[in-house]
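If you want the building blocks of each chain, they are given just below.
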Amino acid sequence: RQATLLRHLSFIILLRPYVSTQKPRTMADTSTMPTPTIAKAGGLPVLSHSHFMQKLKEENRFEKNRFTVAKRLERFQLILSNEQNADSQINLKSTLGYVPYHEDLLPRWNAFADSQKDNKSLTSITVHNSCIPPSPFFRDKIYPIFQKNQNITSLELRGVNRSLIFGVISVLKMKKCCKLVSLDLSWNKTRFTDIARYQSLSEAIGNHPSLAYVNFSNNALGENVDHLSLVLKGSDKLESLILDSNDIDSDGVDLIMKFLKSNKTLTTLSLSDNDFGNKGVKAFASTFEENDDMALRELNLSKNGLTLATKVESKVLSDMLMHIDLSHNLIGVQGLKNVVAYLAGNPPLACMNLAGNILRNNVAALLMGALKRNTNLAHLNLGHNSFTKASVPCIVDALKNNSTLLTLDLTDNKIKPKSGGRKELVKNALFDSTSLHDFIDSNHSCQVYLSDNNWGNKDTHEVEIRKMNAFGNKGKTIRYKLVLAMFTLKTIPFNPRSFQHISLDLELMPRLLEFVQQEMGHKGFGKDVWNASRKGKGVKCLTRVYEVVTGWSMLPSLFERGPDEVKKKKKKKQATKKRKRDDGKECIPGKRGK
């Protein structure tokens, strides 16, 4: 503190002569003020926020949010300048929101396009929330970039204007990106009035046999079944198809089911936030029951108002699925009973998401009971529900009797710190320090997410324990947890003398003593789970070493020497060569000549 204070004082003293000679500027002196220099980026002047504000005001545009739009325009000109040096990836992302086109940005767009006209190594193009200049900019500036780059594998055009979408579709229709793997046209809401546009899109997707992933979310495909039919027609060779937030109703689902029956390549289908309800899910159930040889493995049906209350609806839980997302639906008690019956049958399902279904304590015992019998499920998300402290014993019992579950998400439930059950869950299921036997029998493989940090419950070290359980090595996890218990708990979790009941070779005793005095986060040990290093606690280290040494019954054997004692061999002296001096006499090593 003294050093900091002296540094500040010296800085003030150095500035004092300069400050004292400065006269306060009056309004009359403003005419003599030097004109500020305009910063440049990419060889062009950077236009200020006030400049765009004045322009938008003169054009009478964006009256309600003029300040925000001007800020976006100011930021986006810098993004265009930075991407002029892009080599293999172009990344034009506006994080502040949609950036409309403004004529003052045209020099920036031209400079950006001219910088890429000779680039032949592009593999990825990403444009988010921005509007390119009107025609003929795409034809004259952007199209030549596609002509010279035949190895583009990823196109991501989110929230862009129609001229860019139409231009890219025309390019893809001519097979200009023969190695394209991923295409993202989400959040455009193009609503092409001409069906010929959808026909072009269908041909563009179908013309690229290497294309595996297409995202067409939030484009109002459900408003016209014919438009959806054309998109599905071109997607017959895809592996992943994302159709979220497209207002797809039950008629659209029937069309998708016909597509799935004849498709042999699609493994991932996402229909989140379409709200087709139980009527639409019945089409899924009947299709899955009649066609159990489909390639589909991952299905996202979140935010669709599903209840799964009847057995017909519950048949959507097919044994061919490996991942299913049922989050943010209306699954009640009866629907969860069908889910429990499905999990109890031990299907090959590896991941299930039941977040945001308002599940309560009355179904916790059923769900955790099925989890105890399931040996395939690896990831379960129960976040954003209404489980409380009353559900903690069921969760603890399930975790202690399940060794295959790798992640359990319980964030944003009502399992609160300290008195709300969170402390009991961590202590009894993941970090039971009652005895050495109970400690080893704790769950050492499941990462339990109760919160994003240790706020309100630092003494349980939830984040550190979660990182330890992610090791994938039970022995390493137990060793780390053991050290954490020794140096963080107020009382000794178990008597160190209990080590003598473990079958341990005598030669490993020094290693045991070294292990006992380890400290989490100290001298590099545990740095992969501990954020900050902790101060050494030598007294505790010596105390634990003393307890182990005095309690180890075979310790004296380390210091006993029997009749077969290995004798130390005397080292033979190496024969030294005699060398002659300049006068011809012999020089004896170790003795100096006169």
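Small disclaimer: the values here were computed from a predicted structure and weren't measured.

From N to C terminus, the protein chain includes 20 helices and 17 strands. For the protein chain, restricting intrachain contacts to residue pairs at least 6 apart in sequence, the fraction spanning at least 24 positions comes to 77%. For the protein chain, the computed accessible surface area is about 33,200 Å², with 53% contributed by carbon and sulfur atoms.

On to the side chain of Ser240, then. Inspection of the secondary structure assignment puts Ser240 in strand E8 (residues 240-242). You can call Ser240 buried: its relative accessible area is 15%.

Here we take up unusual backbone geometry. The omega torsion of the bond from Ser135 to Pro136 falls at 10°, within 30 degrees of zero and hence cis. Located in the positive-phi region is Ala220, a residue other than glycine, with phi close to 60°. With respect to the secondary-structure elements, Ala220 resides in the loop between strand E7 (213-215) and helix H8 (225-234). Relative accessible area serves as the criterion here: at 6%, Ala220 is assigned to the buried category. At Asp247, a residue that is not glycine, the phi angle is positive and equals roughly 55°. Turning to its location among the elements, Asp247 is positioned in the loop between E8 and helix H9 (250-262). For Asp247, a relative accessible area of 49% corresponds to the partly exposed category.

Turning our attention to the pattern of salt bridges. Tallied over the entire structure, the rule returns 13 salt bridges. With a closest N to O distance of 3.0 Å, Asp114 and Lys141 form a salt bridge. Here Asp114, found in helix H4 (residues 106-115), pairs with Lys141, found in helix H5 (residues 137-148); they are 27 residues apart in sequence, far enough to count as distant. The partner of Arg158 in a salt bridge is Glu156, with the nearest N and O atoms 3.8 Å apart.

On to the nonpolar core, then. Within the largest apolar cluster, 140 residues are counted, with the highest numbers of intra-cluster contacts made by Phe284 and Met352. By residue number, the principal contributor to this core is helix H18 (residues 474-488), which donates eight residues. With residues up to four places along the chain from it excluded, the contact list for Met352 reads Leu317, Ile324, Val339, Tyr342, Leu343, Leu377, His379, Leu380 and Asn381.

Burial within strand E5 (residues 154-160) is extensive, with six of its seven residues counted as buried. Looking at chain direction, strand E4 (residues 124-130) and E5 are connected through six bridges and run parallel. Within E5, the position partnered with Ser130 by the bridge is Val160. What joins E4 to E5 is H5, and the crossover it makes is right-handed. Each parallel crossover has a hand, and for E5 linked through helix H6 (residues 162-173) to strand E6 (residues 182-184) it is right-handed.

As a further point, take the packing of helix H3 (residues 66-82) against H4. In the contact formed by H3 and H4, the axes pass within 9 Å of each other and the chain directions differ by 20°. Compared by their axis directions, H3 and H4 come out roughly parallel. Handedness of the crossing formed by H3 with H4: left-handed. Taken together, the residues of H4 that come into contact with H3 (itself represented by Phe76, Gln77, Leu80 and Ser81) are Arg108, Trp109 and Phe112. Residues belonging to the contact of H3 with H4 are distributed by class as follows: four nonpolar, two polar and one charged.

Moving on, we get to the environment of Ala212. Checked against the element boundaries, Ala212 lands in the loop between helix H7 (195-206) and E7. In sequence terms Ala212 and Glu239 are 27 residues apart; their C-alpha atoms lie 5.0 Å from each other.

With that settled, the discussion passes to the packing of aromatic side chains. With the rule as written, the count across this model stands at nine aromatic pairs. Measuring from centroid to centroid gives 6.0 Å for Trp109 and Phe137, while their planes differ by 75°, and the two rings are edge-to-face. Remark: Phe137 occurs in helix H5 and Trp109 occurs in helix H4; sequence separation between them is 28 residues. Ring pairs connect the aromatic residues Phe76, Trp109, Phe112 and Phe137, which therefore count as one cluster. Over the face of the ring belonging to Phe166 we find Arg197, whose NZ or CZ atom lies 3.8 Å from the ring centre. Looking at Lys476, its charged tip hangs above the ring of Phe471, at a distance of 4.4 Å from the centre.

What follows deals with helix H12 (residues 333-344). Residues separated by three or four positions in an α-helix point in the same direction, a consequence of the helix having 3.6 residues per turn. The terminal C-alpha atoms of H12, which comprises twelve residues, lie 16 Å apart, in line with the 16 Å expected from a rise of 1.5 Å per residue. Residues Gly335, Leu336, Asn338, Val339, Val340, Tyr342 and Leu343 constitute the buried set of H12.

Moving on, we get to the confidence of the model for the protein chain. A residue-level look at the protein chain finds 78% of positions with pLDDT of 70 or above and a mean pLDDT of 83. pLDDT under 50 marks residues 12-38. Its contacts with residues more than four places away, or in other chains, come to four contacts. In the predicted structure, residues 561-568 sits below a pLDDT of 50 and forms zero contacts with residues beyond four places in sequence or in another chain.

Moving on, we get to a negative patch on the surface. On the surface, Asp247, Asp249, Asp251, Asp254, Asp273 and Asp275 cluster together to form a negatively charged patch. For Asp273, the location among the structural elements is in the loop between strand E9 (268-270) and helix H10 (277-290).

Alternating positions in strand E3 (residues 89-93) separate cleanly, Ile90 and Leu92 being buried on one face and Gln89, Asn91 and Lys93 remaining unburied on the opposite face. In this sheet, E4 lies alongside E3 in parallel orientation, the contact comprising five bridges. Following the sheet pairing, Gln89 is matched in E4 by Ser124. For the segment spanning E3, H4 and E4, crossover handedness is right-handed.

All right, on to the packing of H7 against H8 then. Each pair of packed helices gets described by two things: the angle between the helix axes and the distance between those axes. Where H7 contacts H8, the axes come no closer than 7 Å and their chain directions differ by 15°. The orientation of H7 with respect to H8, classified from their angle, is roughly parallel. Our pair here, H7 against H8, has a crossing hand that is right-handed. Facing Ile195, Tyr198, Gln199, Leu201, Ser202, Ile205 and Gly206 of H7, the residues of H8 in contact are Asp226, His227, Leu230, Val231, Lys233 and Gly234. Of the residues contributing to the contact of H7 with H8, the split by class is six nonpolar, five polar and two charged.

Inspection of the secondary structure puts Asp254 in helix H9. Linking Asp254 and Val281, residues 27 residues apart in sequence, is a C-alpha distance of 9.8 Å.

With that settled, consider the side chain of Ser386. Tracing the sequence through the fold places Ser386 in the loop between strand E13 (379-381) and helix H14 (392-400). Excluding its chain neighbours within four sequence positions, the residues that come into contact with Ser386 are Ile358, Leu359, Arg360, Asn361, Asn413 and Lys414.

Calculation rules
Residues numbered from 1 in each chain as written. Predicted model: local features only at pLDDT ≥ 70, side-chain atom pairs only at ≥ 80, totals over all residues. Heavy atoms only, no water. Helix = DSSP H or I, 4+ residues; strand = E, 2+ residues; numbered from the N terminus. Contact = heavy atoms within 4.5 Å. Areas by Shrake-Rupley, 256 points an atom, 1.4 Å probe, with all protein chains shown as cover. Buried < 20%, exposed > 50% of the residue type's maximum accessible area, 1.4 Å probe, protein only. Salt bridge = Lys/Arg side-chain N within 4 Å of Asp/Glu carboxyl O. Core = buried A, V, L, I, M, F, W, Y, C linked by side-chain atoms within 4.5 Å. Pairing = 2+ DSSP bridges. Right-handed = clockwise from strand over helix to strand, strands pointing away. Axes fitted to C-alpha atoms, helices over the stretch in contact; angles between N-to-C directions. Parallel < 35°, antiparallel > 145°, perpendicular 65-115°, else oblique. Left-handed = near helix turned anticlockwise from the far one by under 90°. Nonpolar A, V, L, I, M, F, W, Y, C, P; charged D, E, K, R; others polar. Phe/Tyr/Trp six-rings, centres within 6.5 Å; stacked < 30°, edge-to-face > 60°. Lys NZ or Arg CZ within 6 Å of the ring centre and 35° of its normal. Expected span 1.5 Å × (residues − 1). pLDDT = per-residue confidence, 0-100. Patch = residues over 30% accessible without salt bridge, like charges linked within 9 Å, V, L, I, M, F, W, Y side chains within 5 Å. Lys, Arg positive; Asp, Glu negative; His and termini not counted. Charge placed at Lys NZ, Arg CZ, Asp CG, Glu CD.

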